[in-house]
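The primary structure of each chain is shown beneath.
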Amino acid sequence: MLEQPEAITLAKQLNENVTGRSVVKVCPPTKPHKFCWYNGEPDTYDKAVSDCKITGADGFGIFVELSFDNGMKLCINDGVNLRLITNDKVPKNYQLLIMLDDGQALVFTVAMYGGIYLHDGSYDNKYYLASKNAVTSFSSEFTDYFHRLITESKPNLSAKAFLATEQRFSGIGNGTLQDILFTARIHPKRKISTLSENEKDNLLNSVMTVLKEMTDLGGRDTEKDLFGVSGRYKTLMSKNTVGADCPKCGNEIVKENYLGGSVYYCPQCQPDIKK
């Protein structure tokens, strides 16, 4: 699923590989997907952007957005897989296909759920706007923003809920938070009220350093980029490492269901301290 490191990576790759290319044709879905959502009808997208040039791409929060020279924009959210392929490798089924003038195509597919939205710049969606206007970990304002939010949060809020709910930190989801919490040595279920000032500082530093490393390495190894290649960041706590030895203490990495998703942690390094 797209989170901040993958969104930024995809946008960078799109800028390097499709900016300046013209759209030859936009093909609507070959197979309906009841959990893929569009802004309007996808069979109108061809008329809206055919013969237009791609002027750039941007990645923010859980969104990646293409811009066209007629002012239109096409954004996808965290459930959409986007690949750049040659026309002779187009899969049988997809949720959208953009054929380009260089013999390549952008193919959009959805496994579980996702949104593909063509709009004129006035897209009014709370998740899109939250991602677009977010104070990110790369911003000079982030430290003050983080401290304000953790001070204002309810004391019984868990560390996972603090990082990944209510759009507090757009682009941090159930994937990236695992290594952030492990690096900070904080259990996903720890209540914010039990964190010392030093632990809060550790959590802030972990958010900034882990997200930077993930981004610098082209995303996590649990996700794939524009060319279907896994990210170079080796996750410490993920589906790839559950049951393995903790890289710090050697204890077994465990998995639990919590807050609508899985959490991965080391019980030794990340004790669930209650006060």
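Owing to the predicted nature of the structure, the values given are computational and were not obtained by experimental measurement.

Enquirer: Sorry if this is basic, but what is going on with the sheet that holds strand β8 (residues 104-110) here?
Expert: Across a sheet, paired strands are connected by hydrogen bonds in the backbone, their directions being either parallel or antiparallel. Strand order in the open sheet made by the four strands is β1-β7-β8-β6, with antiparallel pairing throughout. Looking at the sheet topology across the chains shown, the edges are occupied by β1 (23-27) and β6 (80-86). This sheet shows a mean twist of 15° between the axes of neighbouring strands, independent of strand direction. When β6 meets β8, the two strands line up antiparallel, connected through seven bridges. Looking at β8, one finds that L82 is bridged to F108.

Enquirer: Just to check I follow, could you spell out the sheet that holds strand β4 (residues 63-68) for this structure?
Expert: Taken in spatial order, the five strands of this open sheet run β2-β9-β5-β4-β3, and their pairing is mixed. The outermost strands of the open sheet, each flanked by one partner alone, are β2 (36-38) and β3 (54-60). Along the sheet, successive strands turn relative to each other by an average axial angle of 15°, direction set aside. Bridge analysis of β4 against strand β5 (residues 73-76) gives four bridges, and the strand direction is antiparallel. In the sheet register, E65 faces β5, and the bridge partner there is C75. Packing against the sheet, helix α1 (residues 4-17) makes contact with β3 and β4, and its axis sits at approximately 170° to β3.

Enquirer: How should the packing of helix α4 (residues 142-152) against helix α7 (residues 197-216) be read in this particular structure?
Expert: The relative placement of two packed helices comes down to the angle between their axes together with the axis-to-axis distance. The interhelical angle for the contact between α4 and α7, taken along N-to-C directions, is 135°, at an axis separation of 11 Å. What the angle tells us is that α4 and α7 run oblique. Handedness of the α4/α7 crossing: right-handed. Here F142, T143, F146, H147 and I150 of α4 lie close against α7, whose contacting residues are K200, D201, L203, L204, V207 and M208. Here the contact of α4 with α7 is composed, by residue class, of seven nonpolar, two polar and two charged.

Enquirer: Is there a simple way to think about the packing of aromatic side chains in this case?
Expert: Ring pairs (aromatic) are described by centroid distance and by the angle formed between their planes. For the structure on display, the rule yields 14 aromatic pairs. An aromatic cluster of three or more residues is present, and its members are F60, F63, Y117, Y123 and Y128.

Enquirer: I keep staring at the pattern of salt bridges and nothing clicks. Help me out?
Expert: Enumeration over the complete set of coordinates arrives at 11 salt bridges. In this structure, E152 and R148 form a salt bridge, with 3.4 Å as the shortest nitrogen-oxygen distance. Here R148 and E152 lie together in helix α4, a separation of four residues that amounts to about one turn. Here E152 falls in the exposed class, since its relative accessible area comes to 52%. The partner of K212 in a salt bridge is D216, with the nearest N and O atoms 2.7 Å apart. Of the two residues, K212 and D216 both sit in helix α7, four residues apart, roughly one turn of that helix. Note on K212: relative accessible area 44%, which makes it partly exposed. Judged by relative accessible area, which is 47%, D216 ranks as partly exposed.

What counts, and where the lines are drawn
Residues numbered from 1 in each chain as written. Predicted model: local features only at pLDDT ≥ 70, side-chain atom pairs only at ≥ 80, totals over all residues. Heavy atoms only, no water. Pairing = 2+ DSSP bridges. Helix = DSSP H or I, 4+ residues; strand = E, 2+ residues; numbered from the N terminus. Axes fitted to C-alpha atoms, helices over the stretch in contact; angles between N-to-C directions. Contact = heavy atoms within 4.5 Å. Parallel < 35°, antiparallel > 145°, perpendicular 65-115°, else oblique. Left-handed = near helix turned anticlockwise from the far one by under 90°. Nonpolar A, V, L, I, M, F, W, Y, C, P; charged D, E, K, R; others polar. Phe/Tyr/Trp six-rings, centres within 6.5 Å; stacked < 30°, edge-to-face > 60°. Salt bridge = Lys/Arg side-chain N within 4 Å of Asp/Glu carboxyl O. Buried < 20%, exposed > 50% of the residue type's maximum accessible area, 1.4 Å probe, protein only.

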